[in-house]
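Chain by chain, the residues run as shown.
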Amino acid sequence: MTTHDSRAAADLRARALQVLPGGVNSNVRLDAPPVFFARGEGAWLWDVDGRDYVDHLLGQGPAFLGHAHPEVVARVSEACTTGMVFGAQHALEVEAAELVRELVGWAEMVRLGMTGTETVQAAFRLARAVTGRQKIIRFEGQYHGWLDNVLIRFEPGPAQVATAGQQASALADAIVLPWNDLEAVRAALERHGDEVAAIVTEPMMLNQGAIEPAPGFLAGLKELAADAGALLIFDEVITGFRLALGGAAERYGVTPDLAVYGKALAGGFPVAALAGPAELMERFGTAEVNHSGTFNACVMAAAAVVASLETLRDDPPYERVRAHGLALMDGLRSAAEEAGVPLRLQGPGIAFHASFLPEENGASGELEVRDLRGLKRLDTARYQRFARALADAGVWVAGRGVWYVSAAHGERELDAALSRAATALRGA
Ligand SMILES: Cc1ncc(COP(=O)(O)O)c(C=O)c1O
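What you see is a predicted model; the values in this text were computed from it and never measured. Along every chain, residues carry numbers that run from 1 in the direction the sequence is written. Where totals are concerned, whole chains, interfaces and linings use all residues; where local detail is concerned, this predicted model gives features only for residues with pLDDT of at least 70, and gives and counts side-chain atom pairs only at 80 or more. Heavy atoms from the whole structure form the basis of all side-chain values; hydrogens and water molecules are not counted.

**A closer look at empty space enclosed by the protein**
Using protein atoms alone on a 1 Å grid, points that fit a 1.4 Å probe yet trap it form a cavity, whereas open point sets bounded by protein on both sides within 12 Å along at least five of seven lines form a pocket; residues with an atom within 4 Å of a point count as lining. Grid points are joined across faces, edges and corners, and a volume is the space filled by probe spheres set on the points. Per the counting criterion, the structure on display carries one cavity of 30 Å³ or more. Roughly 50 Å³ of internal volume is contained in the largest cavity. As for the largest cavity, its lining consists of Phe124, Arg128, Ile136, Asn149, Ala170, Asp173 and Ala174. Polar here means any residue outside two lists: the nonpolar Ala, Val, Leu, Ile, Met, Phe, Trp, Tyr, Cys and Pro, and the charged Asp, Glu, Lys and Arg; Gly therefore counts as polar. Class assignment for the residues of the lining of the largest cavity results in four nonpolar, one polar and two charged.

**Section: the sheet that holds strand β3 (residues 52-55)**
Sheets are built from strands paired through backbone hydrogen bonds, the pairs being either parallel or antiparallel. Two strands are said to pair when DSSP picks up at least two bridges between them. Only DSSP runs of H or I reaching four residues or more are called helices, and only runs of E reaching two or more are called strands; each is numbered from the N terminus. The sheet built from four strands is open, its strands ordered β1-β2-β3-β13 with mixed pairing. Edge strands, defined here as strands with exactly one partner in the open sheet, are β1 (37-41) and β13 (395-396). Should any heavy atoms of two residues lie within 4.5 Å, those residues are counted as being in contact. Note on geometry: axes are lines fitted to C-alpha atoms, helical ones only across the stretch in contact, with angles between N-to-C directions running from 0 to 180 degrees. Running over the sheet, helix α13 (residues 411-426) touches β2 (44-47), β3 and β13 and is turned about 105° from β3.

**Some words on the layout of surface pockets**
Volume-wise, the second largest pocket comes out at about 630 Å³. Looking at the second largest pocket, it is lined by 24 residues, and the ones nearest its centre are Glu93, Val110, Arg111, Leu112 and Ala297. Within the residue set of the lining of the second largest pocket, elements represented by two or more residues are α3 (91-104), β4 (109-113) and α8 (278-285). Residues belonging to the lining of the second largest pocket are distributed by class as follows: 12 nonpolar, nine polar and three charged.

**A few points about a nonpolar patch on the surface**
A patch is a set of surface residues, each over 30% in relative accessible area and not in a salt bridge, joined within 9 Å for like charges and within 5 Å for the nonpolar side chains Val, Leu, Ile, Met, Phe, Trp and Tyr. The protein chains shown are the only cover counted for residues, whose accessible areas, like all others here, come from Shrake-Rupley with a 1.4 Å probe. Criterion for a salt bridge: a side-chain nitrogen of Lys or Arg within 4 Å of a carboxyl oxygen of Asp or Glu. On the surface, a cluster of nonpolar side chains totalling about 280 Å² of accessible area is made up of Met84, Val85 and Phe295. Relative to the elements of secondary structure, Met84 occurs in the loop between α2 (70-80) and α3. A 1.4 Å probe rolled over the protein chains alone gives each residue an accessible area, and that area as a share of the maximum for its type sets the label: buried under 20%, exposed over 50%, partly exposed in between. Residue Met84 is classed as partly exposed on the basis of its relative accessible area of 46%.

**Let's talk about the side chain of His291**
Its location among the elements puts His291 in the loop between α8 and α9 (299-314). Engagement of the side chain of His291 in a polar contact is seen with the side chain of Arg111, the distance being 3.1 Å. Those residues in contact with His291 that sit more than four places away from it in its chain are Arg111, Leu112, Ala122, Phe284 and Asn296. The definition of a polar contact used here is a pair of N or O atoms within 3.5 Å, where within protein one atom must be able to donate a hydrogen and the other to accept one, and adjacent residues in sequence count solely through side-chain atom pairs.

**Regarding the domain arrangement of the protein**
On domain assignment, one finds that the protein holds domain 1 (7-65 + 317-426) and domain 2 (70-314). Summarising the inter-unit geometry, the C-alpha centres of domain 1 and domain 2 are found 26 Å apart. Once two parts are put together, the accessible area they lose, assessed with a 1.4 Å probe and summed over both, is termed the buried area. In total, about 2,500 Å² of surface goes out of reach between domain 1 and domain 2, with carbon and sulfur atoms giving 61% of it. Summed over the shared surface of domain 1 and domain 2, the result is two salt bridges. Note that Arg373 is salt-bridged to Glu140, the shortest N-O span being 2.7 Å. What fixes the domain bounds is an automatic or database domain assignment.

Next up, the structure:
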């Protein structure tokens, strides 16, 4: 056990284990240190034993503005006093959709949902309705939610179920290919082209690794999809409103047919959005395609989207966040060199991936990572131990290596993260 095994957390953990399987509400959290948080503000978290952490997990991405951003809290609190869920239309949901459309730039219509997982399903359903086809091309190592038709083991090769109880037949229409490999997509389309409804991709791989698309890859996907009569869907659940106001589509200059947003969209509230051209999206409006949900665009959700997107639009933090992330990466590299450990960092700063080079590479070795197969060569077990040491030292990160930076990270957080990481690296 770590030094986190202190009284208040230990008591809560014992209680949690009695009522929550594994003590958690999402299996992603099973491997995290048994810390219980009492509070988050800006880029900081405080646990129930009073220890503070520089947060580079940010709730797995949503807290891009920092925790408890005052504008988001104020707008949502105020909106809640007028009622929380109407199961009917209200002005804020229109404002929210207009803002998504304005910032995304390429889409005309929006549907709001609650989670990335379910909103990906809406995109798939629409693509199948539009094309009259069933198959979806997707990529190794990419995560599109926890439901049966999208959850796969992160192993190279064809789709394999990732959990007991998963309906294997739900994966029958998934064609899983290596990422950043246009030839593989071309070959799959040659074989199955007239059966493929959509190609879905994270436009930058960020759930696993932090891998940018190879030059021409996204544009190539768009062309191949169009030639095959399939749609291109960007899963921008992580990248949306994070890589740029217009997400990865803006950063890489390629627009999809449909895109799914989540996480940074609503400053910490559970909201996701599907966006696309009116010609496609109208099929929900004519009732040809069903998309429903009691809590879709409830008052809190819509207010959170409006507050977050107005804040991002009126004072775009992107350059500052990028510079912070790059400085953090530089500092971590220096600290790792000093400690003599082969820490490997990759990514555009605003988010990045940290891992260790395998022993045979040595501290000075290089390894190109452009897909899941590359990620598999990294020493992730060593990183997971390091992530625990980081938590002990007061830096909160995901065990799978992604580091997120928020608009609330500044000089003080940079200094604290680097000095704490240096301590953790000495034992790595
Ligand atoms: C790229 C991507 N798509 C979809 C999802 C699913 O979103 P949610 O966890 O909100 O259901 C995630 C979650 O991490 C994600 O990273």
